[in-house]
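Letter by letter, the chains look like this.
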Amino acid sequence: MQSKPAVLLPGDPTKYRFAAEEDAFLEEVERASFRFFWEEADPNTGQVKDRSLADGPDARKIASIAATGFGLTALCIADHRGWEDSRKIRERVRNTLRFAATRLKHTNGFFFHFVNMEDGGREFKSEVSSIDSPIFFCGALTCAAYFDDAEIRELATKIYERVDWGWMQNGGKTLTMGWHPESGFIPARWDNYSELMMIYLLGLGSPTHPLPKESWDAWERPRFEYYGMKFIGSRAPLFVHQYSHAWFDFRGKADAYANYFENSVIATKVHKLWCLELAKKFPDYSEDLWGITSSDSAHGYVAWGGPPPMGPIDGSIVPCAAGGSLPFLPEETLRVLRTIREKYAKGGWGKYGFVDAFNPLKNWYNPDVIGIDVGITLVMAENARTGFVWEQFMKNEAVKKGMARAGFRPQ
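Residues numbered from 1 in each chain as written. Predicted model: local features only at pLDDT ≥ 70, side-chain atom pairs only at ≥ 80, totals over all residues. Heavy atoms only, no water.

Draft legend 1. Expanded view of unusual backbone geometry. The amide bond that connects Gly306 to the next residue, Pro307, takes the cis arrangement and shows omega of -5 degrees. Within the element layout of this structure, Pro307 appears in the loop between β13 (300–302) and α9 (319–323). With omega at -10 degrees, the peptide bond leading from Pro307 into Pro308 counts as cis. Summarising the element assignment, Pro308 is placed in the loop between β13 and α9. The phi dihedral of Asn108 is positive, around 55 degrees, even though this residue is not glycine. As for its position among the elements, Asn108 is in the loop between β3 (106–107) and β4 (110–111). (Helix = DSSP H or I, 4+ residues; strand = E, 2+ residues; numbered from the N terminus.)

Here it is as structure tokens:
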């Protein structure tokens, strides 16, 4: 067993170059993913559906602020690649940012997690979210950097700079996970390694309501080890190693604790090895097919993954586990995505790309896609191919300031 990790230790993933046919495949994946954000958003408000049927529009009207943030980033990618008329794309971006800046209800700058896509009204009695809102801010700041458009920059800046990050601390050193109008702050806090890095870096960079520098050191960074491979992690699904990396470029940089890009590479390798170990129980897992993260299942939405194992693991495959990890293990994750596209296309691929999850052992295929899972696949595919989102987002002075205040230096 001790020899297995060696197989999972390729060279520097940042030096991997996709062959022409590999790049063409990722182009297909990205364009299908973008189609979701173009077709499943209200053109007037810009709000993007939380989920939809994988084969096209349905009657659901619930949007998520995080999906809308991925959607703004998707619009930058689409304009850069010429997938849609540039004038229409800019109009969609302006409509989205105008609505968020002037009509979408917020509390101290933070938005509700779920809203009605047509009027922005709160849905599901959802929380004012301290993580989903930053995903929207990342999308807005990407647009501000990419589009040479004064109104887009002005609106994105207004949305970002009105956020009172200190309010969400509620007197503590870390941020709470959100706030309900009916009951106040959620007791749980962003105090343990997860997708939280974007929250603190955006807060540290704010020119209006910045977080104290000490907040970066206030969250824990637990150390894990699996077959001798050591990394910072948490008892959480694989996506926690992906989301902040969708926008913040951690390559070649480290703070006082870690190089977080290399850390995500190791965590992804560990996840792959763990899935291969599970093949003893679930024979569909192999070098060609692996990857589990929060997703739909045959029995509802599940926050599953590992190691250590979380949720009722049943042999399901979640395509965005590989899709969101493309910059970390480009060759291995591409192999998984191509396997799904070629061998499981009948149920595992639709108009908007990969379905959210499927189980080949039980012949179960989810009919839906979920916006954030489509989004992380699209954004990380583009970053793996060109680094485009990283390049644009990192142009923001507030982003540079946030990373500097957190102590990041070239490694």
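Draft legend 2. Examining the layout of surface pockets more closely. Roughly 610 Å³ of volume is contained in the largest pocket. As for the largest pocket, its lining consists of 28 residues, and the residues nearest its centre are His113, Phe114, Asp132, Tyr301 and Ile372. By volume, the second largest pocket amounts to about 240 Å³. Here the lining of the second largest pocket gets 3 residues from one element, more than from any other, and that element is helix α12 (residues 371–385). (1 Å grid on protein atoms, 1.4 Å probe; cavity = no way out; pocket = protein on both sides within 12 Å on 5 of 7 lines; lining within 4 Å. Points joined across faces, edges and corners; volume = space filled by probe spheres on them.)

Draft legend 3. Highlighting the pattern of salt bridges. Tallied over the full model, the rule gives 28 salt bridges. Between Glu287 and Lys272 there is a salt bridge; the shortest N-O distance is 2.6 Å. A residue pair is termed long-range when its members are at least 10 positions apart, and Glu287 in the loop between α8 (260–278) and β12 (295–297) and Lys272 in helix α8 qualify at 15 residues. Assessed through its relative accessible area of 2%, Lys272 is described here as buried. Members of the salt-bridge network, linked through shared partners, are Glu40, Lys49, Arg51, Asp58, Arg60, Asp296 and Asp368. (Salt bridge = Lys/Arg side-chain N within 4 Å of Asp/Glu carboxyl O. Buried < 20%, exposed > 50% of the residue type's maximum accessible area, 1.4 Å probe, protein only.)

Draft legend 4. Just the side chain of Asp368, in detail. Mapped onto the elements of the fold, Asp368 is located in strand β18 (residues 368–370). Apart from residues lying up to four places away in sequence, Asp368 is in contact with Arg51, Ser52, Leu53, Ala54, Arg60, Asp296, Val355 and Asp356. (Contact = heavy atoms within 4.5 Å.)

Draft legend 5. Representation of the packing of helix α3 (residues 65–81) against α12 in the model. Where α3 meets α12, the axes come as close as 9 Å, and the angle between the chain directions of the two elements is 35 degrees. As for how α3 packs across α12, the hand of that crossing is left-handed. Two secondary-structure elements touch here, α3 through Ala66, Ala67, Phe70, Thr73, Ala74, Ile77 and Arg81 and α12 through Gly371, Ile372, Gly375, Ile376, Leu378, Val379, Glu382 and Arg385. For the contact of α3 with α12, the residue count by class is 9 nonpolar, 3 polar and 3 charged. (Axes fitted to C-alpha atoms, helices over the stretch in contact; angles between N-to-C directions. Left-handed = near helix turned anticlockwise from the far one by under 90°. Nonpolar A, V, L, I, M, F, W, Y, C, P; charged D, E, K, R; others polar.)

Draft legend 6. Seen up close, the nonpolar core. The biggest cluster of nonpolar side chains holds 138 residues, and the ones touching the most others in it are Leu97, Phe136, Trp165, Trp216, Phe248 and Tyr260. Considering every element that reaches this core, the biggest residue donor is α3, with 10 residues. Residue contacts for Leu97: discarding those within four places in its chain leaves Leu72, Phe136, Ala140, Ile152, Leu155, Ala156 and Ile159. (Core = buried A, V, L, I, M, F, W, Y, C linked by side-chain atoms within 4.5 Å.)

Draft legend 7. Broad picture of the sheet that holds strand β7 (residues 178–180). Reading across the sheet, the 3 strands line up as β6-β7-β8 and stay open at both edges, with antiparallel pairing between neighbours. Pairing within the sheet leaves two strands with one partner each, and these edge strands are β6 (128–129) and β8 (184–185). Bridge count between β7 and β8: 2 bridges; the pairing is antiparallel. What sits directly across from Trp179, in β8, is Phe185. (Pairing = 2+ DSSP bridges.)

Draft legend 8. Just the packing of aromatic side chains, in detail. Under the criterion given, the structure shown has 35 aromatic pairs. Taking the centre distance of 5.2 Å and the plane angle of 75 degrees together, the rings of Tyr16 and Phe18 count as edge-to-face. Given the relative accessible area of 15%, Phe18 is considered buried. Judged by centre distance (6.2 Å) and plane angle (50 degrees), the ring pair of Phe111 and Phe137 falls under tilted. On the criterion of sequence distance, the pair formed by Phe111 in strand β4 and Phe137 in helix α5 (residues 132–146) is long-range, its members being 26 residues apart. As far as the burial class goes, Phe111 and Phe137 line up, both buried. Three or more aromatic residues joined by ring pairs make a cluster, and in this case those are Phe110, Phe111, Phe136, Phe137, Trp165, Trp167, Trp179 and Phe185. A cation sits over an aromatic face here: Arg92 above Trp38, 4.2 Å from the ring centre. (Phe/Tyr/Trp six-rings, centres within 6.5 Å; stacked < 30°, edge-to-face > 60°. Lys NZ or Arg CZ within 6 Å of the ring centre and 35° of its normal.)

In short, shape yes, function no, at least from these values alone.
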